[in-house]
Amino acid sequence: MVNLNGILGCSMKHVVPLFAENESAIDEFIDDACHNLEYEFFESSGFKENLKEVSAKEGVALFVPTEAQDFLEMIHSLHNKMKKNKVVVAVCLEGVDSNDAEQLVQELESYELVFCIKSMQNMSQEVSDLIQFRKFLMSIQEKSDDFKIMAYQAMETAAEIGLITLLLEKSINIDALDDMTNALFDTMKSLNASGSILYTSLVTMDEYYFSDDQEYKEKEKKLMGAYRDHLHENSTIGRFKTFSGRLLVAGKYVTVLIRNLPDDEEEQGRIRDTFGAFINAADFIASNIESRIAKEKRQKVINDTIDAVGETVEIVQGMFKSHEKKTMQTMDELICNTEEGLAILGLTEEQENYFINHLEIAMANLVAMYSSGIAIENQFDTIVSNINNIRHLS
């Protein structure tokens, strides 16, 4: 390879690879060709091997062919690689027979990255124009690539939003811990995230740790719990923590640790946004579980209270029935003893009548009390029956 800049003594801005059979083939016209371009000489046979080098420079190669057919075959075989490497070829027809040159122009019309230069007089300007044209193509390609990246990111974001939406739809029917963890891990897997979940019940104050690899990691659990506590104590601190390729996200009930956080900052930002929505969905599901636990806890208190009241009422009812029975026995004994006493005492009829009148009044009062006791007993029966009905309902 020969740097022709020194030979030609030109003021150079762009380096353009120049391919020819040999240096002597370009000596006779190169003086008029350089002007403000710097050329590096390569043999024509080395075009294929130097495609990437051409692409890395200005992306424009100048050819000075001597055999039109050989040049056409080479362009035909390498055109796809030229397109892949964004290489533009300028063909100088100065040294080609006029008949061959005309045919060459016709043949090269089908190749969008090949341009013919018929006159040496304008070659420098045309090569400079092609360099600008190639830059324009590259800018369009870059914008196209940027658009593709944005479109891909938009589609990826839409897919992730769809997964979070699906999780929220599922959450309506989830109020069990196993169902929640299965749904959360399924969504994490779909998001290509690997990690652990820590659920803290604010009703029972119990902690439940789960890992997607089914392994219990004590240090991981402690880390998640410490971050959750720190976050709850300092409500102004953000709920995301990034460290060593990991991401901690904490909500009211659920804390998530992602172990495979990518290095790219834009990717990290997108994942933080996604798991911000994820943790909201997880907390919504957890709130369903919290409601169920609280309801069960309240129901247990109610059931225990009903059982205690029922047992107390039954004890009082038994005591009351025992008291009734004893009252009846006392009344029977009093009547029997009175009859025997009257016969033994030998009282006058007037004395007996007086005594019996007072006894009848006392007995009437006892009967009234007994009747009231029966009414109270009936009320106790009603209370016990109602308590039993409540037990069956709960």
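Residues numbered from 1 in each chain as written. Predicted model: local features only at pLDDT ≥ 70, side-chain atom pairs only at ≥ 80, totals over all residues. Heavy atoms only, no water.

Colleague: Which parts of the structure should I look at to understand the overall build of the protein?
Modeller: Secondary structure assignment for the protein yields ten helices and ten strands. Summed over its atoms, the accessible surface of the protein is roughly 23500 Å², and 53% of this surface lies on carbon and sulfur atoms. (Helix = DSSP H or I, 4+ residues; strand = E, 2+ residues; numbered from the N terminus. Areas by Shrake-Rupley, 256 points an atom, 1.4 Å probe, with all protein chains shown as cover.)

Colleague: What's the story with the side chain of Ser196 in this structure? I'm lost.
Modeller: Residue placement: Ser196 occurs in strand 6 (residues 195-200). Here Arg259 takes part through its side chain, which lies 2.6 Å from a polar atom of the side chain of Ser196. If we ignore the near neighbours within four places in the chain, the residues touching Ser196 are Phe185, Met188, Tyr209, Phe210, Ser211, Glu220, Met224, Thr255, Val256, Leu257 and Arg259. (Polar contact = N/O pair within 3.5 Å; in protein donor to acceptor, adjacent residues only side chain to side chain. Contact = heavy atoms within 4.5 Å.)

Colleague: Would you mind showing me how to read the confidence of the model for the protein here?
Modeller: Close inspection of predicted coordinates is inappropriate in any region flagged by low pLDDT. Residues of the protein with pLDDT of at least 70 account for 77%, and the chain-wide mean is 75. Every residue in residues 1-12 scores below 50 in pLDDT, and together they form 31 contacts with partners more than four places removed in sequence or on other chains. (pLDDT = per-residue confidence, 0-100.)

Colleague: Which parts of the structure should I look at to understand the nonpolar core?
Modeller: One finds Phe47, Phe71, Met82, Val89 and Leu108 to be the most contacted residues of the largest nonpolar core, which totals 39 residues. Top contributing element to this core by residue count: helix 4 (residues 68-84), with seven residues. Residues within four places of Val89 in sequence aside, it is in contact with Phe47, Ala61, Phe63, Phe71, Met82, Leu113, Val114 and Phe115. Within the second largest apolar cluster, 30 residues are counted, among which are Met188, Ala193, Tyr199 and Ala281. (Core = buried A, V, L, I, M, F, W, Y, C linked by side-chain atoms within 4.5 Å. Buried < 20%, exposed > 50% of the residue type's maximum accessible area, 1.4 Å probe, protein only.)

Colleague: What is the right way to read the pairing of strand 3 (residues 60-64) from this model?
Modeller: One face of the sheet, then the other: side chains in a regular strand alternate in exactly this way. Summarising burial for strand 3: five of the five residues are buried, a large majority. The two faces of strand 3 match: Val60, Leu62 and Val64 on one face and Ala61 and Phe63 on the other face are all buried. Relative to strand 4 (residues 88-92), strand 3 is paired through four bridges, and the arrangement is parallel. Its bridge partner being in strand 4, Val60 is matched across the sheet by Val88. (Pairing = 2+ DSSP bridges.)

Colleague: Teacher, can you tell me more about helix 4 here?
Modeller: Since the α-helix packs 3.6 residues into each turn, any two residues three or four apart lie on the same face. End to end, helix 4 covers 24 Å across 17 residues, agreeing with the expected 24 Å (1.5 Å per residue, within 8%). Buried within helix 4 we find Ala68, Phe71, Leu72, Met74, Ile75, Leu78, His79 and Met82. Within two residues after helix 4, Lys86 carries a phi angle of roughly 55°, on the positive side. (Expected span 1.5 Å × (residues − 1).)

Colleague: Whenever I open this one, the pairing of strand 4 confuses me. Can you help?
Modeller: The element strand 4 is largely enclosed, with a buried count of five among its five residues. Of the two faces of strand 4, the one lined by Val88, Ala90 and Cys92 and the one lined by Val89 and Val91 are each fully buried. With four bridges connecting them, strand 4 and strand 5 (residues 114-117) associate as parallel partners. When the bridges of strand 5 are listed, Val89 appears paired with Val114.

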